[in-house]
Amino acid sequence: MNESLESMFIVDPFNNEAATNSDKINQMKKVMNGILNYSLTDRQRQVFEMYYRDNIKMPEIAEILGISKSSVYDSLNGARKKIKRRNTIVK
């Protein structure tokens with residue numbers, strides 16, 4: 001694991017009483033960016049961002065990327081599983 005990514009997981013943004021909500025949100029964004037940048041394949045990250053950030057439906061993603069709907073589903077599902085595994089480290 002990348003050392004800078006590992007250091008992000010050591011910080012528990014939910015356990016710091018003095019931290020503001022803004023600080024906690026910023027820390028979680030940092031952790032999520034680390035997960036997206038270091039844990040997912042390029043295709044998983046691309047599909048995940050198109051689906052969640054850009055609100056593009058799976059059939060549209062398939063058409064845009066020139067891949068099958070099942071490939072979009074597999075990439076999105078793989079990304080979700082990796083994020084879920086990494087999220088347990090943060091908690």
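A short tour of the structure in this document, coming up. On a predicted model such as this, the values are computed, not experimentally measured, just so you know. (Residues numbered from 1 in each chain as written. Predicted model: local features only at pLDDT ≥ 70, side-chain atom pairs only at ≥ 80, totals over all residues. Heavy atoms only, no water.)

**Description of helix H3 (residues 42-53)**
- Between its terminal C-alpha atoms H3 stretches 15 Å, which fits the 16 Å expected from twelve residues at 1.5 Å a residue.
- Those residues of H3 that fall on the buried side of the exposure criterion are Gln44, Arg45, Val47, Phe48 and Met50.
- Once H3 finishes, Asn55 follows within two positions and takes phi at roughly 55°, a positive value. (Helix = DSSP H or I, 4+ residues; strand = E, 2+ residues; numbered from the N terminus. Expected span 1.5 Å × (residues − 1). Buried < 20%, exposed > 50% of the residue type's maximum accessible area, 1.4 Å probe, protein only.)

**What about the packing of aromatic side chains?**
- Counting across every chain of the model gives two aromatic pairs.
- Where Phe48 meets Tyr52, the ring centres are 4.7 Å apart and the plane angle is 45°; that geometry is what we call tilted. In this pair, Phe48 and Tyr52 are both assigned in helix H3, four residues apart and thus about one turn of the helix distant.
- Note on Phe48: relative accessible area 13%, which makes it buried.
- Between Tyr51 and Tyr52, the aromatic rings sit 4.9 Å apart at their centres with planes inclined by 85°, giving edge-to-face as the arrangement.
- Residue Tyr51 is classed as partly exposed on the basis of its relative accessible area of 25%.
- With relative accessibility at 39%, the residue Tyr52 sits in the partly exposed group.
- Here the aromatic cluster, defined as three or more aromatic residues joined through ring pairs, consists of Phe48, Tyr51 and Tyr52. (Phe/Tyr/Trp six-rings, centres within 6.5 Å; stacked < 30°, edge-to-face > 60°.)

**A word on the pattern of salt bridges**
- The full count for this structure, using the stated rule, is three salt bridges.
- Its salt-bridge partner being Asp42, residue Arg45 comes within 2.5 Å of it at the nearest N-O pair. Separated by three residues within a single helix, Arg45 and Asp42 lie in helix H3, roughly one turn from each other.
- For Asp42, a relative accessible area of 58% puts it in the exposed group.
- With a shortest N-O distance of 3.6 Å, Arg53 and Glu49 are connected by a salt bridge. Here Arg53 and its partner Glu49 are both found in helix H3, four residues apart, which amounts to about one turn of the helix.
- Looking at Glu49, the relative accessible area reads 23%, which means it is partly exposed.
- Through salt bridges with shared partners, one network takes in Glu49, Arg53 and Asp54. (Salt bridge = Lys/Arg side-chain N within 4 Å of Asp/Glu carboxyl O.)

In short, geometric facts, not functional conclusions.
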